[in-house]
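# Report on the structure
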Amino acid sequence: TDELTKTHYSFVGWNTQTDGSGINYNESGSDYFLITSNIMLYAQWTENPTYTITYNGNDNTSGLAPVDNTRYYEGQTASILLNTGNLKKDGYAFAGWNLAKDGQGEIYSGGQTITIQTTSLVLYAKWIKTYTVTYFGNGEVSGLTPLDNNRYAPNAIVTVLNNSGYLKKDYYTFAGWNTQADGSGSFYIAGQTFDMPNANVSLYAQW
């Protein structure tokens, strides 16, 4: 009646022995016994179930998924782990953790917290396809095109490179870069930026 509590345990009744080896009595009011001497009844407790968080690399090509060895009780708060095992997937960027393998569930990032409910969780690595920026000399007679070895996620900021390889074309002056060889696309000069689309980008020297 005074709502006894024990952290991470549930009250299940009374027993004449502390270790539960005596006579059990429940608290429904239906149990009774004849008093012939003083009696001690000890609260009996059963440990609440625990739950786990498992991290899944979700088709990673290298690295290891982090391991959380903690067992959590309902209502506890867990901190989401970082990509400590340097998970990688060719052609993709790591973008956090997701409750769904296909990435359509709730997204979590390292350091964020989650409240444990009544089930164990599997957190799948979320991958975002990345794209490249390739430079073309577009009729040059000497020099080398700059090389951008980065892979960019959609909407990432890309900084346009300069003519570091001293591209040259007889009787022409280098004027910048364009997304179309004939200059009909988007024009950029070195140091300018653009948002990466959901596709590879080609930049052609303009003369």
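These numbers come from a predicted model, not from an experiment. (Residues numbered from 1 in each chain as written. Predicted model: local features only at pLDDT ≥ 70, side-chain atom pairs only at ≥ 80, totals over all residues. Heavy atoms only, no water.)

This part takes up the side chain of asparagine 58. On the secondary structure map, asparagine 58 appears in the loop between strand S5 (53–56) and strand S6 (72–73). Only 2.9 Å separates the side chain of asparagine 58 from the backbone oxygen of alanine 125, close enough to count as a polar contact. In this view, asparagine 58 contacts Lys89, Lys101, Tyr124, Ala125 and Trp127; residues no more than four positions away in its chain are not counted. (Helix = DSSP H or I, 4+ residues; strand = E, 2+ residues; numbered from the N terminus. Polar contact = N/O pair within 3.5 Å; in protein donor to acceptor, adjacent residues only side chain to side chain. Contact = heavy atoms within 4.5 Å.)

What follows is about the sheet that holds strand S9 (residues 107–108). Read across the open sheet, the four strands follow the order S5-S11-S8-S9; overall the sheet is mixed. Each of the sheet's edge strands pairs with one partner strand only, and the pair in question is S5 and S9. Alignment of S5 against strand S11 (residues 121–129), held across four bridges, turns out to be parallel. In the sheet register, tyrosine 55 faces S11, and the bridge partner there is leucine 123. (Pairing = 2+ DSSP bridges.)

Moving on: the pattern of salt bridges. Using the criterion set out here, one finds one salt bridge in the structure. For lysine 101, the salt bridge is made with aspartate 59, and the minimal N-O distance between the two is 3.8 Å. Within this pair, whereas lysine 101 is found in the loop between strand S8 (92–98) and S9, its partner aspartate 59 is found in the loop between S5 and S6, the two being separated by 42 residues in sequence. Among the residues examined, aspartate 59 registers a relative accessible area of 51% and is labelled exposed. (Salt bridge = Lys/Arg side-chain N within 4 Å of Asp/Glu carboxyl O. Buried < 20%, exposed > 50% of the residue type's maximum accessible area, 1.4 Å probe, protein only.)

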